[in-house]
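# Fold and geometry: a report
Okay, here's what each chain looks like letter by letter:
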Amino acid sequence: MTKRIIFGILMILVFAGIVVADWRLARKASLFTGPGVFAGMGAVYKGIPLAAAIFVLIPIAFWELYRLAHACGVRLLAASTLLGAMLIGLEPYWVNWVYWKTRVFDGADVLLLLMGLCILMPFISQIILRSTQDAMKQIGCSLLVMLYIGIGTATLLQMRIEMGLASFVLFILAVKFTDIGAYFTGTAIGIHKMIPWLSPKKSWEGLIGGLVLAVGLCVLMSWLSGKYNLPDKWHLDGGLPSIARSVFFGLAVGLAGQFADLCESLLKRSAQAKDSGTAIPGFGGLLDVMDSIILAAPV
């Protein structure tokens, strides 16, 4: 428990550092709103720290899923899978950058093309290997890993760029406060198990406790934001939902995060693994911490 608390605090500090760095850069972005050679440069400033973090995190998450797949007897097509996950995961940022430099295309133009190319890459890798053995398993699992990591991280980055820093932070806090509330409530009074064959420690009492904490947090932040006009006072791009909508936001995001956690548990149980890795002492692997975030982001 002590190790879990220590590394939990460290992760909070790292996240706070990313948010503060992003906030400072976003304020600088307001300097580049006029016409001329720097027009549109503000969009490039948004999300740089988050994009850098995703650039580091995707290979770690890939390696954890690579090991889980190997434990299931499937060899991922490593190069094409990792490249595809990186291209998709960072798409909202690099497309903004390319558009600012060239004015040729934007995200809507490139997304389907990118997805098509990424789907082709594992097939190309399999053909280069000159092997038909387990081709469907290898290609299918490679595509799963590519999209699982890539779509989730891309949605996170898109959320930050399009919806603003305030909404992005509220989303992360709502998901993780659901995890925290579910853990402590389930530990204290959890009796009725949700899906014991998949996640033996999850209980209905824990789920309710997590959702109550998430909704309470969303309502409190919305109330504070409105009462003290925090987005304008702190120069935040984007705002927060109203108090009434915050209730539904907290419920939807909290439920999505808990379901996303079960999805990762499904992959781990199929590989007969307790954790996805050992990257974060006290928690397990990176995916054990990020799973609820990356699959709840599309919701």
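Quantities reported herein were computed from a predicted structural model and do not represent experimental measurements.

So, how was this worked out
- Residues numbered from 1 in each chain as written.
- Predicted model: local features only at pLDDT ≥ 70, side-chain atom pairs only at ≥ 80, totals over all residues.
- Heavy atoms only, no water.
- Helix = DSSP H or I, 4+ residues; strand = E, 2+ residues; numbered from the N terminus.
- Contact = heavy atoms within 4.5 Å.
- Areas by Shrake-Rupley, 256 points an atom, 1.4 Å probe, with all protein chains shown as cover.
- Salt bridge = Lys/Arg side-chain N within 4 Å of Asp/Glu carboxyl O.
- Buried < 20%, exposed > 50% of the residue type's maximum accessible area, 1.4 Å probe, protein only.
- pLDDT = per-residue confidence, 0-100.
- Patch = residues over 30% accessible without salt bridge, like charges linked within 9 Å, V, L, I, M, F, W, Y side chains within 5 Å.
- Core = buried A, V, L, I, M, F, W, Y, C linked by side-chain atoms within 4.5 Å.

## Considering the overall build of the protein
When its secondary structure is counted, the protein shows 12 helices and 0 strands. Ordered by position from the N terminus, the helices and strands of the protein form the series α-α-α-α-α-α-α-α-α-α-α-α. For the protein, the proportion of contacts with a sequence separation of at least 24, taken over those separated by at least 6, is 73%. Surface summary for the protein: the accessible area is close to 15,800 Å², and the carbon and sulfur share equals 72%.

## Overview of the pattern of salt bridges
Per the stated rule, a full pass over the model turns up 7 salt bridges. Between lysine 176 and aspartate 179 there is a salt bridge; the shortest N-O distance is 2.9 Å. Of this pair, lysine 176 and aspartate 179 both sit in helix α8 (residues 165-189), 3 residues apart, roughly one helical turn. Note that lysine 268 is salt-bridged to aspartate 288, the shortest N-O span being 2.9 Å. Of this pair, lysine 268 sits in helix α11 (residues 243-270) while aspartate 288 is found in helix α12 (residues 286-296), placing the two residues 20 residues apart along the sequence. Considered together, lysine 268 and aspartate 288 belong to a single accessibility category, that of buried residues. Overlapping salt bridges bring together Glu264, Lys268 and Asp288 as one network.

## So, α12
Most of α12 is tucked away, with 10 of its 11 residues classed as buried. The set of residues buried in α12 consists of Leu286, Leu287, Asp288, Val289, Met290, Asp291, Ser292, Ile293, Ile294 and Ala296.

## Some points on the confidence of the model for the protein
With 88% of its residues at a pLDDT of at least 70, the protein reaches an overall mean of 86. For residues 35-39, every residue scores under 50 in pLDDT, and the model assigns this stretch 6 contacts once sequence neighbours within four places are set aside.

## Some words on the side chain of glutamine 126
You can see glutamine 126 is positioned in helix α6 (residues 107-128). Setting aside residues no more than four positions away along its own chain, glutamine 126 makes contact with Leu77, Ser131, Gln133, Ala135, Gln138 and Ile139.

## Here's the deal with the environment of alanine 135
With respect to the element layout, alanine 135 can be found in helix α7 (residues 135-163). On a C-alpha basis, the gap between alanine 135 and phenylalanine 123 in space is 8.6 Å, while along the polypeptide they are 12 residues apart.

## Examining the environment of proline 122
Along the chain, proline 122 falls in helix α6. For proline 122, a relative accessible area of 0% gives the class buried. In sequence terms proline 122 and alanine 135 are 13 residues apart; their C-alpha atoms lie 9.7 Å from each other. Dropping the residues within four chain positions of it, proline 122 is found in contact with Leu77, Ser80, Ile139, Ser142, Leu143 and Met146.

## Remarks on a nonpolar patch on the surface
Taken together, the side chains of Ile5, Ile6, Ile9, Leu10 and Leu13 define a hydrophobic patch exposed on the protein surface, amounting to about 470 Å² of accessible area. If you trace the backbone, leucine 10 turns up in helix α1 (residues 2-29). The exposure class assigned to leucine 10 is partly exposed, which follows from its relative accessible area of 43%.

## With respect to the nonpolar core
The biggest cluster of nonpolar side chains holds 46 residues, and the ones touching the most others in it are Leu65, Ile149, Leu156, Leu157, Phe168, Phe171 and Ile293. Looking at this core, the elements with two or more residues in it are α3 (48-71), α4 (78-89), α7, α8, α11 and α12. Sort the elements by how many residues they give to this core and α3 lands first, with 9 residues. If sequence neighbours within four positions are ignored, isoleucine 149 has contacts with Ile58, Ala61, Phe62, Leu65 and Ala85. Counting 10 residues, the second largest nonpolar core, distinct from the first, contains Met121, Leu143, Met146 and Ala154.

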